[in-house]
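Per-entry structural report
Here's the letter readout for the chains.
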Amino acid sequence: MKPSSLPQKPIGKSDASRKSKEEITTLVDEVRALERSVTVSKANINNLVKVLKFAAAKHPHRVIHAALHSMQRLFAHFRSTGALDKAHLAGADPVAMELCKWLRKHHAAYLERLMEVVDESNDTALQVAASKLLIDVTIEASRELNKTSASNVFDNVLFVKVVHATFLKAEWSPVYTRDYLQLYKDHDDLRYYLFKNLTKLIQTEMDAAAAAAPAPAKGKRKRDADDDSEDESGHASNLARLAEHGLLLLEALDKFPTSNADLKSFLVGRELVPAGHQIMQASAHKRAFTDFVLQYLRLPLTQDLYKKVLMLTNSRLIPNMTDPRLLMTFLSESYDQGGSISLLALHSVFTLVVKHNLDYPDFYKKLYQLFDRNLFHVKYRSRFFRLFNQFMQSTHIPAYLVAAFVKKMSRLALYAPPAGVLITLPLVYNLIKQHPQCFALIHRTDVDLRNDPFDMDAEDPAESKALESSLWEVVTLQKHYFPNVATMSKIFTQKLSKPGYELEDFLDYTYGNLFETVHVPVLKKAPALSDNIAPTLFPADGSFGSLFDL
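Reading the values: the criteria
- Residues numbered from 1 in each chain as written.
- Predicted model: local features only at pLDDT ≥ 70, side-chain atom pairs only at ≥ 80, totals over all residues.
- Heavy atoms only, no water.
- Helix = DSSP H or I, 4+ residues; strand = E, 2+ residues; numbered from the N terminus.
- Buried < 20%, exposed > 50% of the residue type's maximum accessible area, 1.4 Å probe, protein only.
- Contact = heavy atoms within 4.5 Å.
- Areas by Shrake-Rupley, 256 points an atom, 1.4 Å probe, with all protein chains shown as cover.
- Salt bridge = Lys/Arg side-chain N within 4 Å of Asp/Glu carboxyl O.
- Core = buried A, V, L, I, M, F, W, Y, C linked by side-chain atoms within 4.5 Å.
- Phe/Tyr/Trp six-rings, centres within 6.5 Å; stacked < 30°, edge-to-face > 60°.
- Lys NZ or Arg CZ within 6 Å of the ring centre and 35° of its normal.
- Expected span 1.5 Å × (residues − 1).
- Polar contact = N/O pair within 3.5 Å; in protein donor to acceptor, adjacent residues only side chain to side chain.
- pLDDT = per-residue confidence, 0-100.

A look at the overall build of the protein
In terms of helices and strands, the protein carries 21 helices and zero strands. Considering the protein as a whole, with its 550 residues, one finds that 45% of them fall into the buried category. Put simply, 70% of the contacts in the protein that link residues at least 6 apart link residues at least 24 apart. Carbon and sulfur atoms form 53% of the exposed surface of the protein, whose accessible area is close to 29,600 Å².

A look at unusual backbone geometry
Even without glycine at this site, Asn-357 takes up a positive phi of about 60 degrees. Tracing the chain through its elements places Asn-357 in the loop between helix 13 (339-355) and helix 14 (363-369). Its relative accessible area of 65% is what places Asn-357 among the exposed residues. Positive phi, close to 60 degrees, is recorded for Lys-465, a residue that is not glycine. Of note, Lys-465 is situated in the loop between helix 18 (440-443) and helix 19 (472-476). A relative accessible area of 47% places Lys-465 in the partly exposed class.

Let's talk about the pattern of salt bridges
Oppositely charged side chains are able to pair whenever their charged atoms sit close together. Scanning the entire structure with this criterion turns up 15 salt bridges. The closest approach of N and O atoms between Arg-411 and Asp-452, which form a salt bridge, is 3.1 Å. Within this pair, whereas Arg-411 is found in helix 16 (residues 399-413), its partner Asp-452 is found in the loop between helix 18 and helix 19, the two being separated by 41 residues in sequence. For Arg-411, a relative accessible area of 13% gives the class buried. Here the residues in one salt-bridge network are Lys-407, Arg-411, Asp-452 and Glu-473, joined through shared partners.

Things to note about the nonpolar core
Formed by 160 residues in total, the largest nonpolar core has its most connected members in Phe-159, Tyr-296, Leu-367, Phe-384, Phe-385 and Phe-388. Each residue touching Phe-159, except ones within four places of it in the same chain, is listed here: Ile-135, Thr-138, Phe-154, Tyr-184, Leu-190, Tyr-193, Leu-194 and Asn-197.

Quick notes on the packing of aromatic side chains
Scanning the entire structure with this criterion turns up 36 aromatic pairs. When the ring of Phe-256 is compared with that of Phe-289, the centres are 5.0 Å apart and the planes differ by 55 degrees; the resulting orientation is tilted. Separated by 33 residues along the polypeptide, Phe-256 in the loop between helix 9 (222-252) and helix 10 (282-296) and Phe-289 in helix 10 bring together distant segments of the chain. With respect to class, Phe-256 is no different from Phe-289; both count as buried. An aromatic cluster is built from Phe-154, Phe-159, Phe-167, Trp-172, Tyr-176, Tyr-180, Tyr-184, Tyr-192 and Tyr-193, whose rings are joined through pairwise contacts. Just above the ring of Tyr-176 sits the side chain of Lys-169; from NZ or CZ to the centre is 5.2 Å. Note that Lys-408 overlies the ring of Tyr-368, its terminal NZ or CZ placed 4.2 Å from the centroid.

Let's talk about helix 4 (residues 94-120)
Owing to its 3.6 residues per turn, the α-helix aligns residues three or four sequence positions apart on the same side. Here helix 4 contains 27 residues, and its C-alpha end-to-end distance of 39 Å stays within 8% of the 39 Å for a straight helix at 1.5 Å per residue. As for helix 4, its buried residues are in contact with helix 2 (47-53), helix 3 (61-81), helix 5 (124-146), helix 6 (156-167) and helix 7 (174-186). With a side-chain oxygen lying 3.1 Å from the backbone nitrogen of Val-95, the N-terminal cap of helix 4 falls on Asp-93.

With respect to the confidence of the model for the protein
Confidence along the protein averages 85 in pLDDT terms, with 89% of residues attaining 70 or more. Model confidence for the protein, summarised as mean pLDDT per element, is weakest for helix 21 (residues 511-519) at 74 and strongest for helix 10 at 95. The low-confidence segment residues 1-14 (pLDDT under 50) makes four contacts with residues lying over four places distant or belonging to another chain.

Below is the structure:
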């Protein structure tokens, strides 16, 4: 038995993690030497298998990286010599036929290994390299397919497998997300077929999840029930990955072709694409994107993903869809949920109402219901008030509606933090200036505050009786503990000569910057002192001067 003091063999570590830099460099050199030997003479073609073995998971990442790229170059070499042409499979030359079969067999093994690296490797650089190599393989296969017919532009059969391997991968690091999705941002053909394939993949996974969802039958054995439960869990996990990775894709695609002239970048080569092909039509790209978006919105989104999608809807989804009105149901349901979900859906719903003729008669009624005490504490506060200011710009809004918003905001300001009050007061001022009918709220002084006619709890602004009340709340705010709020409140007791306030100047206030503004004054000049500042705490000749001597 070994003494316990002797070093033990590491547990759970592969040989790859224990190799020195010199050993790794030697292995990389060996891979490259094998690659050169195959390209020099077909007699060494069996070395291709040795190169592929160096791509196994037991080797260090640098060695796997070198082996995968060497394999890609070797297959490119045989493709250039015609050895991989499918014509050999039905040709009269038995040697060429057997060589073609052999090469294609190992090419399939190479593809399988690439997909394993994408899913299993914990090295981001290796994952990115494998994903890009899968795209390169797809493009080479597409060019080979094009030789059989000019109408065959893209090998989508292979690309479907690539999309499955990458988008169902467990986790995307920020670096992988950036580098991998850049390919789809830059190339129109890849992006078009990606949308088509993701649409089908989502549908397939949702159908599979629905089929696995029913509870086990009464007479089913426990093992079979456990298998069904595992299948359901697996499909649910796939749907969660598709939801997460689909959002990353939507966030990354910040540009989209708006006309046929914008379609210029094709990995397969512009010269191989016929003029009338669908990937040359911007309308086809919009249809593919629209189908993907509608399918993506059917996924079980988490609350966080749901909010992020809503934040992207107005800037990324609506402008790039064939018919944004297809989002009416999704946005209407989101707007009706209340809370932060309604706040985030607000802009998109308004865009559909104004630009796409969405019939939403209760838009302002629902907007009125969003005003509550929590509104001044959510992180989307500035975004909401910026949009609200935009919605209220029309002079055709009824006076009762404006008065209801003015009264409710003023009442909520009594409970709001100082930063929220400083947004409310200039906004109320601007609304009253834009709608002179609401001046009655300022001039009316005969309202009994104990029986204020304004109904704060009314869900319909038409029933709030706001025009029968007064703005006694802003007078109350003149006694506010925060001096800036008290000063701002006094503008309503003076002549309203100012045309209006720029709301942007008030939207970014927080407790922090308000505290610095009020309680950290800048000294323009140091105050005069009647005595010189002592250089030490205790004088040298005093009683305590010698206590600290060494």
